[in-house]
Amino acid sequence: MKTGLVLEGGALRTIFSSGVCDAFLDAGLPLPDYTIGVSAGIAYGASYLSRQSRRNLKLVSSYARDRRYMGMRNLLNPHNRAYFGLKFVYDTIPNELVPFDYDAFAAYPGEVEAVLTNLQTGLPEYWTVPRDDPSNLVLRATCAIPLMFPPIEVGGQLYFDGGCADAIPWKRALDVGCDRVVVILTRERGYHKRFDGAKSMELAFRRYPAFVETMRARTDHYNDTRAALFALEEQGKILVIAPDDTLGCARTERDLSVIRALWQEGYFIGRGAAEQVRRFWNASD
């Protein structure tokens, strides 16, 4: 029996997932055999796999309002060109300020993948997250929201946020052989994505028509993916955990009371679901 965990992205809204995962750690749940995430889903999820409970809450509480972490000054800086401070977020914080436990992450015996969207092809790619990369290059790429980040070069190719092409990669988890998949969403069950600015993408990325087409189809693909996910949940093949209310939390949320409340919601939901998840992952059929 191969267990899987899928983590949706959502930038700062992903603090909900951190609350759920922190509750799983406190409940003593075994880590899954396979973990895949998108954007902040897997960037935050790495702290779960290294068993660093509440690390993400400490990180976001400490730096969400720090201009080095995010803000227009970073985006306008020609040496950064991203709304988030790339060196500060992916180097200074994990390697100095809120240390990430690379040894514990390396000791996790399962597989870890991040979704990246290839700028040239517009297709999702599933990259193994390195256990010993202090530059966190793959995590930078999966978090690279178009227009808020420059494309990130990995292995000679340019990539953007994995959510562009595969925002909730539960199909990937099944394709690699997971029998029991838990999916943590960062939007309410009743959420329905609306068309979101493909015109600006057409102008910005006209040299990459395949990527533009991916962005045009993104809304329908996202909604269809969620509908298929909930259908599998009804059949008992996948277990879904979602927030009851995201409290209006934005991707670039700075209100610490909102951030902490959303983490707490995730924690309470995670505690309530922990035994169900344990039984689901332990089921033999």
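### Some thoughts on the overall build of the protein
In terms of helices and strands, the protein carries 11 helices and eight strands. Its C-alpha atoms give the protein a radius of gyration of 18 Å, within 12% of the compact-globule value 19 Å for 285 residues. Judged by the C-alpha coordinates and their principal axes, the protein covers about 50 × 40 × 35 Å. By residue count, 58% of the 285 residues in the protein fall in the buried class. Once local pairs closer than 6 in sequence are excluded, the contacts in the protein between residues at least 24 apart make up 75%. With the model as given, the accessible surface of the protein reaches about 12,400 Å², and the carbon-plus-sulfur share is 50%.

### Focus: the pairing of strand S4 (residues 124-128)
Two faces make up the sheet, and in a regular strand the side chains alternate between them. Bridge count between strand S3 (residues 111-118) and S4: five bridges; the pairing is antiparallel. The residue of S4 that forms the bridge with glutamate 113 is threonine 128. Hairpin connection from S3 to S4: five residues lie between these consecutive antiparallel strands, with glycine 122 at a positive phi of about 75°.

### Remarks on the state of the cysteines
By the definition in use, this model includes zero disulfides. Unpaired in terms of disulfides, cysteine 21 finds its nearest cysteine sulfur in cysteine 143, a separation of 15 Å. Assessed through its relative accessible area of 4%, cysteine 21 is described here as buried. No disulfide involves cysteine 164; its sulfur sits 12 Å from the nearest other cysteine sulfur, which is in cysteine 143. Using a relative accessible area of 4% as the deciding quantity, one classes cysteine 164 as buried.

### Quick notes on the pattern of salt bridges
Inspection of every chain in the model, using the stated rule, returns nine salt bridges. Taking the shortest distance from any N to any O, the salt bridge between aspartate 66 and arginine 68 comes out at 2.7 Å. Under the relative-accessibility criterion, aspartate 66 is labelled buried at 18%. Given the relative accessible area of 45%, arginine 68 is considered partly exposed.

### A few points about unusual backbone geometry
Excluding glycine, residues mostly carry a negative phi; peptide bonds, for their part, are mostly trans. For arginine 81, which is not glycine, the phi dihedral falls at a positive 60°. The topology assignment puts arginine 81 in the loop between helix H4 (72-76) and helix H5 (86-97). Of note, leucine 147 is a non-glycine position whose phi angle comes to about 75°, a positive value. Position of leucine 147 among the secondary structure elements: in the loop between helix H7 (137-142) and strand S5 (152-154). Of the residues examined, leucine 147 reaches a relative accessible area of 42% and is grouped as partly exposed.

### Digging into the packing of helix H1 (residues 15-26) against helix H11 (residues 256-282)
At a minimum axis separation of 6 Å, H1 and H11 run at an interaxial angle of 40°. Put simply, H1 runs oblique to H11. Seen from above, H1 lies across H11 with right-handed handedness. Every residue of H11 that contacts H1 at Ile15, Phe16, Ser18, Gly19, Val20, Asp22, Ala23, Phe24 and Asp26 is listed here: Ile259, Leu262, Trp263, Glu265, Gly266, Tyr267, Ile269, Gly270, Arg271, Ala274 and Val277. Considering only residue class, the contact of H1 with H11 consists of 12 nonpolar, four polar and four charged.

### Description of the nonpolar core
Counting 79 residues, the largest nonpolar core has Tyr69 and Ile184 as its most contacted members. If one sorts the elements of this core by residue count, H11 sits on top with 11 residues. With near-sequence residues (within four places) excluded, tyrosine 69 lies in contact with Leu12, Tyr44, Leu59, Tyr63, Ala64, Asn74, Tyr83, Phe84, Gly85, Phe88, Val89 and Ile93. The next biggest cluster of nonpolar side chains, apart from the first, holds 20 residues, and it includes Ile36, Ala173, Leu232 and Ile238.

### Details of the packing of aromatic side chains
Scanning the entire structure with this criterion turns up 13 aromatic pairs. Centroid distance tyrosine 83 to phenylalanine 84: 5.8 Å. Interplanar angle 75°. Geometry classified as edge-to-face. Phenylalanine 84 matches tyrosine 83 in its accessibility class, with the two residues each being buried. Judged by centre distance (5.3 Å) and plane angle (70°), the ring pair of phenylalanine 160 and phenylalanine 205 falls under edge-to-face. In this pair, phenylalanine 160 sits in strand S6 (residues 157-161) while phenylalanine 205 sits in the loop between helix H9 (198-204) and helix H10 (209-234), placing the two residues 45 residues apart along the sequence. Summarising the burial analysis for this pair, phenylalanine 160 and phenylalanine 205 share the class buried. Grouping aromatic residues by their ring pairs yields a cluster made of Tyr69, Tyr83, Phe84 and Phe149. The lysine or arginine in question, arginine 131, covers the ring of phenylalanine 105, its NZ or CZ lying 5.1 Å from the ring centre. Across the ring face of tyrosine 222, the terminal group of lysine 193 is positioned such that the distance to the ring centre comes to 5.4 Å.

Quick notes on the rules
- Residues numbered from 1 in each chain as written.
- Predicted model: local features only at pLDDT ≥ 70, side-chain atom pairs only at ≥ 80, totals over all residues.
- Heavy atoms only, no water.
- Helix = DSSP H or I, 4+ residues; strand = E, 2+ residues; numbered from the N terminus.
- Rg over C-alpha atoms; globule rule 2.2 N^0.38 Å.
- Buried < 20%, exposed > 50% of the residue type's maximum accessible area, 1.4 Å probe, protein only.
- Contact = heavy atoms within 4.5 Å.
- Areas by Shrake-Rupley, 256 points an atom, 1.4 Å probe, with all protein chains shown as cover.
- Pairing = 2+ DSSP bridges.
- Disulfide = S-S within 2.5 Å.
- Salt bridge = Lys/Arg side-chain N within 4 Å of Asp/Glu carboxyl O.
- Axes fitted to C-alpha atoms, helices over the stretch in contact; angles between N-to-C directions.
- Parallel < 35°, antiparallel > 145°, perpendicular 65-115°, else oblique.
- Left-handed = near helix turned anticlockwise from the far one by under 90°.
- Nonpolar A, V, L, I, M, F, W, Y, C, P; charged D, E, K, R; others polar.
- Core = buried A, V, L, I, M, F, W, Y, C linked by side-chain atoms within 4.5 Å.
- Phe/Tyr/Trp six-rings, centres within 6.5 Å; stacked < 30°, edge-to-face > 60°.
- Lys NZ or Arg CZ within 6 Å of the ring centre and 35° of its normal.

By themselves, these figures tell us nothing about what the structure is for.
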